[in-house]
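Notes for the structure review
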Amino acid sequence: MTLFRLAISALFIFSSIAAVQAKTVWVDDQLYLPVRSGAGSQYRIIENAVPSGTALEVIETSDSGYTRVRTPKGNDGWVSSQYLSDTPIAADRLKTVSRQLEQAQTELSAVKEKLQDVSTERDTLSNAESSLSARSEELQKELRRIKNIASDSINLVNRNRELLEENQKLRNDLEVLIAENERLEASNDSDMMLFGGILVFGGVFLALVIPMLKPTRKTDNWA
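In this report, the structure presented in the accompanying data block is examined.

Cut-offs applied
- Residues numbered from 1 in each chain as written.
- Predicted model: local features only at pLDDT ≥ 70, side-chain atom pairs only at ≥ 80, totals over all residues.
- Heavy atoms only, no water.
- Helix = DSSP H or I, 4+ residues; strand = E, 2+ residues; numbered from the N terminus.
- Buried < 20%, exposed > 50% of the residue type's maximum accessible area, 1.4 Å probe, protein only.
- Contact = heavy atoms within 4.5 Å.
- Areas by Shrake-Rupley, 256 points an atom, 1.4 Å probe, with all protein chains shown as cover.
- Lys, Arg positive; Asp, Glu negative; His and termini not counted.
- Salt bridge = Lys/Arg side-chain N within 4 Å of Asp/Glu carboxyl O.
- Polar contact = N/O pair within 3.5 Å; in protein donor to acceptor, adjacent residues only side chain to side chain.
- Patch = residues over 30% accessible without salt bridge, like charges linked within 9 Å, V, L, I, M, F, W, Y side chains within 5 Å.
- Charge placed at Lys NZ, Arg CZ, Asp CG, Glu CD.

Our next topic: the overall build of the protein. A count of helical and extended segments in the protein gives 2 helices and 7 strands. Moving toward the C terminus, one meets the helices and strands of the protein in the order α-β-β-β-β-β-β-β-α. Expressed as a percentage of its 223 residues, the buried residues of the protein come to 12%. Within the protein, contacts between residues separated by at least 24 positions form 49% of all contacts whose residues are at least 6 apart in sequence. Carbon together with sulfur atoms contributes 59% to the accessible area of the protein, which is approximately 18,400 Å² in total.

Printed below as a string of structure tokens:
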């Protein structure tokens, strides 16, 4: 049971050390921090004048007010904890904010250019819409004109059909009149032939009757 507790404690200690090692701190503003070989000012300096804003990897902390760190040069040493900060210094933050601001300005310029392009495209579409509206009005006028022509054509077709029907009726009436005229001419010819026959017959009759009506001459006794 004791071994188990020791194993748990060791595991907890190693986990704490690993968590501490993963942490990053920064040298505070306006400082040149010396890195010493031990947790105290009496120890020798192994790296001098680490400038403010330098990121240091935390290896170990102690209650003496010193923190064991690893510098960007790879040196392991101790520095005073009071000069460390959990956040970057104001100058670095200002640089970061300046970069973000510059990026934002670049994005804003891109957005403005895009807005200008969209505005130009909108104007182009507006002009195109106006042209289409004018063209649509012209097409509507042309359609009305075609409808009027079609209506006149229909009226002309109807009138032509009426004239054809009237012409056909006149032809039928003409044929009837021609037939009636031919009948009358035939009847007139028959009447003339009959009248001529009567005249001939009357002439023959008179030629036979008139001699018979002449008086007979008496015999002359003196002859």
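Picking up where we left off.
Next up on the list: the side chain of Glu47. With respect to the secondary-structure elements, Glu47 resides in strand E3 (residues 45–51). Buried and without a salt bridge, Glu47 has Lys73 as its closest oppositely charged side chain, separated by 4.2 Å. Side-chain polar atoms of Glu47 contact the side chain of Asn75, separated by 2.7 Å.

Let us look at the side chain of Arg36. Within the fold, Arg36 resides in strand E2 (residues 32–36). Here Ser41 takes part through its backbone oxygen, which lies 3.0 Å from a polar atom of the side chain of Arg36. Reaching out from Arg36, the side chain makes a polar contact with the backbone oxygen of Tyr43 at a distance of 2.7 Å. Once residues within four sequence positions are removed from consideration, Arg36 is found in contact with Ser41, Tyr43, Arg44, Ile45, Ile46, Gly77 and Trp78.

Attention now moves to a nonpolar patch on the surface. Taken together, the side chains of Phe201, Phe205, Leu206 and Ile210 define a hydrophobic patch exposed on the protein surface, amounting to about 440 Å² of accessible area. Among the secondary structure elements, Ile210 is positioned in helix H2 (residues 90–213).

This brings us to a negative patch on the surface. A surface patch of like charges, here negative, comprises Glu182, Glu185, Asp189 and Asp191. As for its placement among the helices and strands, Asp189 is situated in helix H2. The class of Asp189 is partly exposed, set by a relative accessible area of 45%.

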